[in-house]
Amino acid sequence: KNPFSIEYLALPSKIDYIDFYPSNSQSLVYLRENYLFKTNGSSQELIEKDILSLFISGNNIYYLTGQGYLYQINSLFSQKEKLNYSVLDIKKEAEYKIYSFADYFFIKENNKLYQLDKRSSKFNLAFEPVLDIDFSKDGKKIAVSNEKELWVLYLKDIEEQPGKKEREKDFLTRLSEKM
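Along the backbone of the protein chain there are one helix and 16 strands. Principal axes of the C-alpha set define a box for the protein chain whose edges measure 55 × 40 × 30 Å. In the protein chain, which comprises 179 residues, the proportion classed as buried is 40%. A sequence separation of at least 24 residues applies to 27% of the contacts in the protein chain between residues at least 6 apart. Surface summary for the protein chain: the accessible area is close to 11,000 Å², and the carbon and sulfur share equals 49%. Taking the average place of the 26 positive charges on the side chains of the protein chain and the average place of its 27 negative ones, the gap between the two points comes to 2 Å.

A few words now on the environment of Trp151. Residue position: Trp151 is located in strand E15 (residues 149-154). Once the C-alpha coordinates of Trp151 and Tyr99 are considered, the two residues, 52 residues apart in sequence, prove to be 17 Å apart. In this structure, Trp151 is in contact with Phe127, Ile142, Ala143, Val144, Asn146, Lys169, Asp170, Phe171 and Leu172, ignoring residues within four places of it in sequence. A polar contact of 3.1 Å, which involves the side chain of Trp151, links it to the side chain of Glu149.

Right, let's get into the sheet that holds E15. Hydrogen bonds between backbone groups are what pair the strands of a sheet, and the pairing can be parallel or antiparallel. On the basis of which strands lie adjacent, the open sheet formed by four strands has the order E13-E14-E15-E16 and antiparallel pairing. Edge positions in the sheet fall to strand E13 (132-135) and strand E16 (169-174), since each of these pairs with one other strand and no more. In this sheet, adjacent strand axes meet at a mean angle of 20° when their direction is disregarded. Pairing between E13 and strand E14 (residues 141-145): four bridges, direction antiparallel.

Moving on to the sheet that holds strand E5 (residues 51-57). Sheet architecture is open: four strands sit in the order E5-E6-E7-E8, paired in antiparallel fashion. A single partner strand is all that each edge strand has here, and the edge strands are E5 and strand E8 (80-82). Along the sheet, successive strands turn relative to each other by an average axial angle of 20°, direction set aside. As paired elements, E5 and strand E6 (residues 60-65) share six bridges and run antiparallel to each other. Paired with Ser57 across the strands is Asn60, a residue of E6.

In this section: unusual backbone geometry. Here the bond from Glu128 into Pro129 is cis, since omega is -5°, no more than 30 degrees from zero. On the secondary structure map, Pro129 appears in the loop between strand E12 (122-127) and E13. Of note, the bond from Gln161 into Pro162 is cis; its omega dihedral lies within 30 degrees of zero at -5°. Relative to the helices and strands, Pro162 is located in the loop between E15 and E16. Positive phi, close to 65°, is recorded for Asp50, a residue that is not glycine. In this fold, Asp50 is placed in the loop between strand E4 (44-49) and E5. For Arg167, which is not glycine, the phi dihedral falls at a positive 75°. Looking at the element boundaries, Arg167 is found in the loop between E15 and E16. With a relative accessible area of 35%, Arg167 lands in the partly exposed category.

Another point: the environment of Asn34. Structurally, Asn34 is set in the loop between strand E2 (24-32) and strand E3 (35-39). The class of Asn34 is partly exposed, set by a relative accessible area of 31%. For the pair formed by Asn34 and Leu70, sequence separation is 36 residues and the distance between their alpha carbons is 14 Å. Beyond its immediate sequence surroundings of up to four residues, Asn34 is in contact with Glu48, Lys49, Asp50, Ile51 and Leu52.

Definitions and limits used
- Residues numbered from 1 in each chain as written.
- Predicted model: local features only at pLDDT ≥ 70, side-chain atom pairs only at ≥ 80, totals over all residues.
- Heavy atoms only, no water.
- Helix = DSSP H or I, 4+ residues; strand = E, 2+ residues; numbered from the N terminus.
- Buried < 20%, exposed > 50% of the residue type's maximum accessible area, 1.4 Å probe, protein only.
- Contact = heavy atoms within 4.5 Å.
- Areas by Shrake-Rupley, 256 points an atom, 1.4 Å probe, with all protein chains shown as cover.
- Lys, Arg positive; Asp, Glu negative; His and termini not counted.
- Charge placed at Lys NZ, Arg CZ, Asp CG, Glu CD.
- Polar contact = N/O pair within 3.5 Å; in protein donor to acceptor, adjacent residues only side chain to side chain.
- Pairing = 2+ DSSP bridges.
- Axes fitted to C-alpha atoms, helices over the stretch in contact; angles between N-to-C directions.

The quantities given are spatial measurements derived from coordinates; they are silent on function.
See the structure below:
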């Protein structure tokens with residue numbers, strides 16, 4: 001079947017994520033039914049299976065497996081690195097999304113946000129509930145929103161006044177209605 005037809009997209013096995021292949025803009029990488037594929041339009045290659053979430057940044061592909069591990073793999077698929085050695089408890093019906101900025105990794109599980117602690121190689125709960133996050137341009141903090149609140153989470157120590165410590169949270173505002 002034509003993968004761009006309405007009938008194909010209406011099937012239960014829709015494409016969950018699609019992006020250009022990091023080292024070749026003529027190819028695509030996509031996630032479908034927990035399988036990671038690479039295609040150039042004429043052929044398709046299975047890269048990995050049991051993938052819950054996928055994120056591409058620069059020349060790297062990041063993916064979360066059903067076993068609870070986050071991997072980084074280069075665009076040539078010659079170097080694969082496990083980023084967490086302590087298993088993230090995977091919930092069968094949960095939705096997962098990977099966020100990354102510089103050397104910081106987050107996984108959103110439904111409305112919970114976990115941050116990878118590089119020292120312990122473990123994901124720790126950073127925020128709950130969470131709807132969305134956005135990284136600051138300076139890479140020192142993230143904005144976190146839920147249905148009625150806005151917060152800032154500091155990723156690094158900030159020396160300028162008012163000083164902030166890594167992982168410190170600032171509450172910004174609470175709204176009377178949902179955003």
